[in-house]
Structures are given as structure tokens and as C-alpha cells.
Number of protein chains: 2
Amino acid sequence: MISQKSRYALRALIHLARHGDASIATIAEHENIPRKYLEAIMAELKLHGFVTSRRGKSGGYTLARPASAISFADVLRATDGPLALAPCASRTAYRRCEDCVDVETCSIRHALIAARDATAAVLEATFLSDPEADAEVT
Amino acid sequence: MISQKSRYALRALIHLARHGDASIATIAEHENIPRKYLEAIMAELKLHGFVTSRRGKSGGYTLARPASAISFADVLRATDGPLALAPCASRTAYRRCEDCVDVETCSIRHALIAARDATAAVLEATFLSDPEADAEVT
DNA sequence: GCTTATTCCTATAATTCCGATAGGATTTAT
DNA sequence: ATAAATCCTATCGGAATTATAGGAATAAGC
């Protein structure tokens, strides 16, 4: 499962993709996200370079890149960490599992890597611009 | 990410698949799993019908079904819940997301379902008997 | 300039989950 | 009897998750 935060983040970004610039208050209301929590999430998304902001009256948030250039995988990695089911199955952020005796002979890693590749193929091919499209998995 | 518990569970079950009956102490030692924690995990696996146990001296655990009939998906669902990335993307345990306005028009559900199907295809085709094999995804 | 609407910053809090440990009761083979 | 194992109940620290509170800083419009 991804976190509530990740679901909020995706929905907020898609809102921006569909409606253009918007304030936190607007997004929070339309997407049914707690306003104060959304503030924290948008700050994080800004740090990761997904959005830019303008302060003051009539300020708000804007996508920093075209919606067609931001994938679900990008967002989920930023908000929830690796897509993989175990640290040792991540290709973008490999880490040894704490208790692992020997990575090479680990009995479960192979399958977890296959699962991560399958998920990544879908999520890397799904973009904010058209999240309902069937991902073209190649 | 799956939980530590799930990784322990998979490794413990694969140990049984490979070496036949074994006690908690034996599995814990060979698989580098905390003994007391493994006790709790095996109890849970028994409740779910993956293993049977014998008490007393020379007791221990046995797979309740052939290793080739227990998939990674079976085990992970028992120890970690649905494979899906969101409650509303699960096919085996669908739940509405708490904050969801309308399931039908949810902007992220489509992709999450596609991701869940991709993962499930792999994990349902990977078995304790041969976890290193490439899953035959059909 | 004042007001208002906004982002930004820091701090805190409640709850839950995770990973584990402790101690002993019960069962069974030898 | 003894030893080796599962079973049972209880507890626990720490981390993560999901927020909320309160106000400072900024900018637009009148």
C-alpha cells in the first residue's frame, strides 16, 4: 500500500494538471484533502521540483514541468520511497536488507525484483496528463 | 515495501520447502530470524493454513500443502494484506478509500489497478517450491 | 498604507503499527 | 523424570503516519 500522503499528492498534482494553477485552499476543497496537511505535502513536492509556488494574494502552485513529463513513479518515489517490495529489490535505491545473510543466495529477491519491474513498467508509463490511459508497457 | 515479518515468513516457508520439517530453533538459526518473533510468525502461518505443527519433543512445523501450491501472493496477502497499492485497487479485498469522493471518477485508481495486476501476475506465479524461477506470466 | 489572501515555517500531538522480547504453561518422545 | 518443543499472554520501545496549531512573511488590490 502507498501512504495517504502519496494518494493526496497524486490527486493534488493531477488537479493542477487539469485545472492549471491553484491555491492550497482550492485544491484541498475540490480534492477533499485536509488543508493544513496539504500545505506540508505541497512544500515537499516543491522541494522535489514537481511544482513551483507564488506567495501572497492570488498566489498558489503551478506544475514545474509538463504534466506529460511527470509519471506516477516519479511522484511515488518522492513521497513513499522505492517502488520495490524490499530494499534489495530496488533498482533506483538499492539497499541491503538488514538481516540478509547473503544477497546472492537470497531465496526471495529474484521474485521481488520481477515484481518491482512489473510495477515500475506500469507506473513509469502513467503520467499526470492522462492517468486513466492504459500504460503503454514496452 | 513488504514488512520484515513477510520477508521472514517467506524465508521460513521456503526453508520448510527445501529441508522438510523443522523446528523454530532450526529455522531461526539457519535463516537468521529472531527466535521469539519467528514463534509468533509461525503461529500466524498456521492459522492461515500454510503449515501444521507437532508439539513436544521432536515436534516442529511442516508445510500443510505442497510447496508448489503455495504462491508468494498467498503468503504476502496473509502477512501483509492486499498486494494492491490502495484499498480501492485490490481485487481480492476491495475497500473504498476513506477520503474517496467517488470511486468511479477517482483519477488515480485506474493506474493503481494496472500496477496491482502486474504485481499479482508475478507473485501468483511464483511458488515456494521454486522461488528463483522466472514466473510464467500468462 | 491597509486589508486580505496566500505561502512558509516551526512545533507538537494522537494514534497506530512494527519488530521484538519475556516468562511460563502445555505437550510429547525417550 | 527429563528434555525439547510448541503454545499462550502480556508487554514494550521506537518509529512512522496523519495530521493540527499558530503565526511570520509576502504580495496584490483598493
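Refer to the structure above for everything that follows.
Just so you know, these numbers come straight off a predicted model, no measurement behind them.

S.K.: How do you make sense of the packing of aromatic side chains when you look at a structure like this?
M.R.: Here a ring pair, both rings aromatic, is described through the centre-centre distance and the interplanar angle of the planes. Residue and element names in this part refer to chain A. A complete count under the given rule lists two aromatic pairs over all chains for this structure. On the basis of an interplanar angle of 80° and a centroid distance of 5.9 Å, the ring pair of Tyr-8 and Tyr-37 is categorised as edge-to-face. In this pair, Tyr-8 sits in helix α1 (residues 4-19) while Tyr-37 sits in helix α3 (residues 35-47), placing the two residues 29 residues apart along the sequence.

S.K.: How should I be thinking about the interface of chain A and chain B in this particular structure?
M.R.: Much of the literature gives interface size as the accessible area that the parts lose upon coming together. In this assembly, 37 residues from chain A lie in contact with 37 residues from chain B. Between chain A and chain B the total buried area reaches about 3300 Å² when both faces are included, carbon and sulfur atoms providing 64% of it. Counting the surface chain A buries against chain B, the share from its top three residues, A:Met1, A:Asp99 and A:Ser107, is 21%. Linking chain A to chain B there are four salt bridges. A salt bridge links A:Arg7 to B:Asp99, with the nearest nitrogen and oxygen atoms 3.5 Å apart. Summed over the shared surface of chain A and chain B, the result is 13 residue pairs in polar contact (both at pLDDT 80 or more).

S.K.: Which parts of the structure should I look at to understand α3(A)?
M.R.: Side chains that are three or four residues apart share a direction in an α-helix, a result of its 3.6 residues per turn. Residues and elements named next belong to chain A. With 13 residues, α3 extends 19 Å between its outermost C-alpha atoms, agreeing within 8% with the 18 Å of an ideal straight helix rising 1.5 Å per residue. Those residues of α3 that fall on the buried side of the exposure criterion are Leu-38, Ile-41, Met-42 and Leu-45. Down the axis of α3, the buried side of the element spans an arc of 100°, and every buried residue falls inside it. Of the exposed residues in α3, the ones pointing more than 90 degrees away from its buried face are Lys-36 and Leu-47. Tucked inside the fold, the buried residues of α3 contact α1, α2 (24-31), β1 (51-54), β2 (60-63) and α4 (72-80). Phi turns positive, to about 85°, at Gly-49, one or two residues after α3.

Cut-offs and rules
Residues numbered from 1 in each chain as written. Chains lettered and ligands numbered in written order. Predicted model: local features only at pLDDT ≥ 70, side-chain atom pairs only at ≥ 80, totals over all residues. Heavy atoms only, no water. Phe/Tyr/Trp six-rings, centres within 6.5 Å; stacked < 30°, edge-to-face > 60°. Helix = DSSP H or I, 4+ residues; strand = E, 2+ residues; numbered from the N terminus. Contact = heavy atoms within 4.5 Å. Buried area = accessible area lost by both parts, 1.4 Å probe. Salt bridge = Lys/Arg side-chain N within 4 Å of Asp/Glu carboxyl O. Polar contact = N/O pair within 3.5 Å; in protein donor to acceptor, adjacent residues only side chain to side chain. Expected span 1.5 Å × (residues − 1). Buried < 20%, exposed > 50% of the residue type's maximum accessible area, 1.4 Å probe, protein only. Arc of directions from axis to C-beta.

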